[in-house]
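Analysis of the macromolecular model
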Amino acid sequence: MAEGILVVGEVAEGKLSPTTSELLGAARKLGAGAVSCALFGPDAAGLAQSAAAAGADKVYVVDDTALADYTTDGYAQALAKVIEQASPAAVLLGQTDVGRDLAPAIGARLGVGVAMDAIELSWQNGGLQITRPAYGGNARAVNGFKSTPAVATVRPKSQEALEPDASRQAEVISVAGAIDAAQIRTKVVNKTKAAAEGIRLEDAEVVIAGGRGLGGPENFAGVEELAKLLGGAVGVTRAVADMGWRPVSEQVGLTGKVVSPTLYIAIAVSGASQHMAGCSGSKNIIAINKDPDANIFKSARFGIVGDFKQVLPPLIEAVKKIKAEG
Amino acid sequence: MHIVVCVKQVPDWDIPPSSFKVDEAAKKVVPPQGVAPVVSQFDAIAVEAAMRVKDVKPDTKVTILSLGPASARDAIKHGLAMGGDEGVLIDDASTLDGDSLATAKTLAAAINKIGGVDMVLCGRQAVDWDMGVTGTMIAGILGWPVVTIAKSVTVNGSVTVERVLSDGYETVEASLPAVVTVSNELGEPRYPKLQQIMMAARKQVQVWTAADLSLDGAQVGQAGSQLTLDRLYQPVSETQVELMEGDTPEEQAQNLARKLREAKLI
């Protein structure tokens, strides 16, 4: 009998990723029985206690050299083995590089339904039900599952992690012989990291976003200055990244980064739903746009209808003054 | 080399959000009046990726495959005008409105029937449901390797893909046959010339039903789905924007800075 929730954990810089803790917190909150966590790769065993502290009752560890790099075939094999042993009613993954790729692979392998990018989770009549944005954020879809286990990815920062409890204990189960390396048909030959300066966009409490209305890459100087002043990161719309004005790694939106800072200042951003899908979780959106009908104003708390060229320099000065006053 | 590109016809996504409407009772989006449906944007980029392979290897055959209502023929024709050679339309009411898995099963059956396919290209996600899973599921059902979210696709015996990651990209090699899903970082899809559009009108589009694919009604469409759509609605925004007053941009900017301070945001 399938029971409980299995969270697919991820490792970030040698630690349990924040998204994994959020998923474990969400899984406990569902109240659908025991919560397990699957951990893959060479760092996995050392993180079992972190997973326990974040809410896992059982930790399944698949430590295999074939899992050092993420590959769809390798991780799908490992996850299928864990699912076979744990027999969960639902499997939760993060809507991350790994979860995006792995969830549909496991869905096809097991012949079960998969829903992506859930922002709300609930347990209805003994099964998982999720709410997810669709149509570029214009709509919300509520999905249920006919098959077991239900497989869903969950948007980072949409759920709350529990306060870590170091006294919690979990049963650690080592899953042996899971990986047949001959069945891994893709090979990672090279990884290129985007040059990242300053604070990570996804973690920033302040994001200053620039849109196509800035007119060219040279006009991002003010955006950068304001970001620096407020200890924030620069974000851009897809149009800006597609035109090569700024690196793709700064793109916020449906196919870019999803951010939820305390303060999101959108400058010359029209607010296309594709972009809003990436920033609508921000606590306070501020819009500066010369078009009073721009969609961004519908989501904004404060706004200025005006040309950024005239508004941004005095705004930077005013912020500097406030900062100087302390 | 034979490449199949899967394309989906969707309501035009490039409309103002204010003209977006949902029929909650039917759990469907109301197509905007007078706006023709289009090829899902990432699928057009998948066609572009196929054409770039064909640019280098002119003996490559590109088949455009779609599952949809009769109007989806226009999406196929667009792919043919971009340079595709042949089209296949799965036009069967029983296959519509399925979840990604049921759709992937139907498309995989069509790819098997087409036969001799070396690579399948799909958009990274359709711009209606934004799931981003059908390509990977097709690979799983066919038993092929898959590489997702490509910004470049190069074929040379095997396929080499630059795959977009949140903090950069990785280069991945896969043996063929394989499925690759394509992202906007690949670049803009080529724009068909008038002559190509006229030529596309003469290219052949085969039309198949579920029965042609040896699938019965229980395996396809809603009946074959494992996911249920329990509700579809439009979120309501509760925010009311407070616009900054001021006779000059300086005054407006100063007022904004003050508001941000009062709200303890800076």
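Let us look at the structure shown here. (Residues numbered from 1 in each chain as written. Chains lettered and ligands numbered in written order. Predicted model: local features only at pLDDT ≥ 70, side-chain atom pairs only at ≥ 80, totals over all residues. Heavy atoms only, no water.)

As a further point, take the overall build of chain B. The helix and strand tally for chain B stands at 6 helices and 15 strands. By principal-axis analysis of the C-alpha atoms, chain B measures approximately 70 × 45 × 40 Å. With 266 residues in all, chain B has 52% of them scored as buried. Taking the intrachain contacts of chain B between residues at least 6 apart in sequence as the baseline, contacts between residues at least 24 apart amount to 74%. When the accessible surface of chain B is split by element, carbon and sulfur atoms take 50% of a total near 11,600 Å². Between the averaged position of the 24 positive side-chain charges in chain B and that of its 34 negative side-chain charges there is a distance of 3 Å. (Helix = DSSP H or I, 4+ residues; strand = E, 2+ residues; numbered from the N terminus. Buried < 20%, exposed > 50% of the residue type's maximum accessible area, 1.4 Å probe, protein only. Contact = heavy atoms within 4.5 Å. Areas by Shrake-Rupley, 256 points an atom, 1.4 Å probe, with all protein chains shown as cover. Lys, Arg positive; Asp, Glu negative; His and termini not counted. Charge placed at Lys NZ, Arg CZ, Asp CG, Glu CD.)

Take the side chain of R140(A) next. Summarising the element assignment, R140(A) is placed in strand β10 (residues 139–145). E120(A) provides the closest opposite charge to the buried, unpaired R140(A), separated from it by 5.9 Å. (Salt bridge = Lys/Arg side-chain N within 4 Å of Asp/Glu carboxyl O.)

Now for the pattern of salt bridges. One pass over the full model with this rule turns up 25 salt bridges over all chains. Residue K191(A) is joined to E170(B) by a salt bridge in which the shortest nitrogen-to-oxygen separation is 2.9 Å. Linking K191(A) in strand β13 (residues 186–193) with E170(B) in strand β11 (residues 168–174), this pair reaches from one chain into another. Residue E170(B) is classed as buried on the basis of its relative accessible area of 3%. Residues joined in a network through salt bridges with shared partners are D101(A), K191(A), R163(B) and E170(B).

Moving on, we get to the interface of chain A and chain B. Counting from both sides, the interface comprises 76 residues of chain A and, opposite them, 77 residues of chain B. If you sort the residues of chain A by the area they bury against chain B, Y135(A), R185(A) and F302(A) come out on top, with a joint share of 11%. Inspection of the chain A/chain B interface yields 3 salt bridges. At the surface where chain A touches chain B, the tally comes to 32 residue pairs in polar contact (both at pLDDT 80 or more). When the residues that make up the side of chain A that touches chain B are grouped by side-chain class, the tally is 35 nonpolar, 24 polar and 17 charged. (Buried area = accessible area lost by both parts, 1.4 Å probe. Polar contact = N/O pair within 3.5 Å; in protein donor to acceptor, adjacent residues only side chain to side chain. Nonpolar A, V, L, I, M, F, W, Y, C, P; charged D, E, K, R; others polar.)

Moving on, we get to the packing of helix α3 (residues 100–114) of chain B against helix α4 (residues 134–142) of chain B. Residues and elements named next belong to chain B. For the pair α3 and α4, interaxial distance at closest approach is 8 Å and the crossing angle is 55°. The orientation of α3 relative to α4 falls into the category oblique. In terms of crossing hand, the pair formed by α3 and α4 is right-handed. In contact with S100, L101, T103, A104, K105, L107, A108, I111 and N112 of α3, α4 contributes T134, M137, I138, I141 and L142. Its residues placed into classes, the contact of α3 with α4 shows 9 nonpolar, 4 polar and 1 charged. (Axes fitted to C-alpha atoms, helices over the stretch in contact; angles between N-to-C directions. Parallel < 35°, antiparallel > 145°, perpendicular 65-115°, else oblique. Left-handed = near helix turned anticlockwise from the far one by under 90°.)

Strand order in the open sheet formed by 6 strands is β15(A)-β14(A)-β16(A)-β17(A)-β18(A)-β15(B), and the pairing between neighbours is parallel. Of all strands in the sheet, those with a lone pairing partner are β15 (233–236) of chain A together with β15 (242–243) of chain B, marking the two edges. Of the strand pairs in this sheet, strand β16 (residues 263–267) of chain A and strand β17 (residues 284–289) of chain A are connected by 5 bridges, and their pairing is parallel. Paired with I267(A) across the strands is I288(A), a residue of β17(A). (Pairing = 2+ DSSP bridges.)

It is worth spelling out the environment of V205(B) at this point. Residue and element names in this part refer to chain B. Tracing the chain through its elements places V205 in strand β13 (residues 205–208). Exposure remark for V205: the relative accessible area of 13% places this residue in the buried category. Sequence spacing of V205 and V10 is 195 residues, and the spatial spacing of their C-alpha atoms is 19 Å. Setting aside chain neighbours within four positions, we find V205 in contact with R73, I76, K77, L80, G87, V88 and L89.

Residue and element names in this part refer to chain A. Position of Q77 among the secondary structure elements: in helix α3 (residues 72–86). Reaching out from Q77, the side chain makes a polar contact with the backbone nitrogen of D180 at a distance of 2.7 Å. Not counting chain neighbours up to four residues away, the residues in contact with Q77 comprise R109, A178, I179, D180, Q183 and I184.

We now examine the environment of L260(B). With respect to the helices and strands, L260(B) occurs in helix α6 (residues 249–262). By relative accessible area, L260(B) is classed as buried at 1%.

Enumeration over the complete set of coordinates arrives at 1 cavity of 30 Å³ or more. Its volume calculated, the largest cavity comes out at about 70 Å³. Lining the largest cavity are Y70(A), T71(A), T72(A), D101(A), T186(A), V188(A), V146(B), V147(B), T148(B), R163(B), E170(B) and V172(B). Only β13 of chain A together with β9 (146–156) and β11 of chain B provide two or more residues apiece to the lining of the largest cavity. (1 Å grid on protein atoms, 1.4 Å probe; cavity = no way out; pocket = protein on both sides within 12 Å on 5 of 7 lines; lining within 4 Å. Points joined across faces, edges and corners; volume = space filled by probe spheres on them.)

Looking now at unusual backbone geometry. Among all residues except glycine, the phi angle is most often negative; among peptide bonds, the trans geometry is most common. That bond from T148(A) to P149(A) is cis: its omega, -5°, falls within 30 degrees of zero. Following the sequence through the fold, P149(A) ends up in the loop between β10 and β11 (150–154). A cis amide bond links L176(B) with the next residue in sequence, P177(B), at an omega value of 0°. You can see P177(B) is positioned in the loop between β11 and β12 (178–182). Positive phi is not limited to glycine here, since S87(A) has a value of about 45°.

Membership of the largest hydrophobic core comes to 98 residues, with the highest contact counts inside it found for F40(A), L128(A), I111(B) and I138(B). Look past the residues within four positions of F40(A) in its chain and what remains in contact with it is V8(A), V62(A), L67(A), Y75(A), A78(A), L79(A) and V82(A). In this structure, A81(B), L89(B), V155(B) and A178(B) belong to the second largest nonpolar core, which totals 41 residues. (Core = buried A, V, L, I, M, F, W, Y, C linked by side-chain atoms within 4.5 Å.)

Attention now goes to the sheet that holds strand β5 (residues 58–62) of chain A. Each strand in a sheet pairs with another by means of backbone hydrogen bonds, the pair being arranged parallel or else antiparallel. Residues and elements named next belong to chain A. Taken in spatial order, the 7 strands of this open sheet run β7-β11-β6-β1-β4-β5-β12, and their pairing is parallel. Because the sheet does not close on itself, it has two edges, and the strands there are β7 (114–118) and β12 (171–174). The mean angle between the axes of side-by-side strands here comes to 20°, regardless of whether they run parallel or antiparallel. Here 4 bridges tie strand β1 (residues 5–8) to strand β4 (residues 35–40), and the two strands are oriented parallel to one another. Within β4, the residue paired with V7 across the bridge is C37. On top of the sheet, helix α4 (residues 97–110) reaches β1, β6 (90–94), β7 and β11; it is set at about 160° to β7, its chief contact.

So, on to the packing of aromatic side chains. Within the structure shown, the criterion is met by 4 aromatic pairs over all chains. Ring geometry for Y135(A) against F20(B): centres 5.5 Å apart, planes inclined by 50°, an arrangement best described as tilted. With Y135(A) in the loop between β9 (127–134) and β10 and F20(B) in the loop between β2 (9–10) and β3 (21–23), this residue pair bridges two chains. Each member of the pair, Y135(A) as well as F20(B), is classed as buried. Among the aromatic residues, those joined into a ring-pair cluster are F40(A), Y70(A) and Y75(A). Here the guanidinium or amino end of K113(B) rests over the ring plane of W208(B), the centre of that ring lying 5.1 Å away. Sitting over the ring of Y169(B), K151(B) keeps its end group 4.0 Å from the ring centre. (Phe/Tyr/Trp six-rings, centres within 6.5 Å; stacked < 30°, edge-to-face > 60°. Lys NZ or Arg CZ within 6 Å of the ring centre and 35° of its normal.)

So far we have only geometry, and geometry alone does not tell us how the molecule works.
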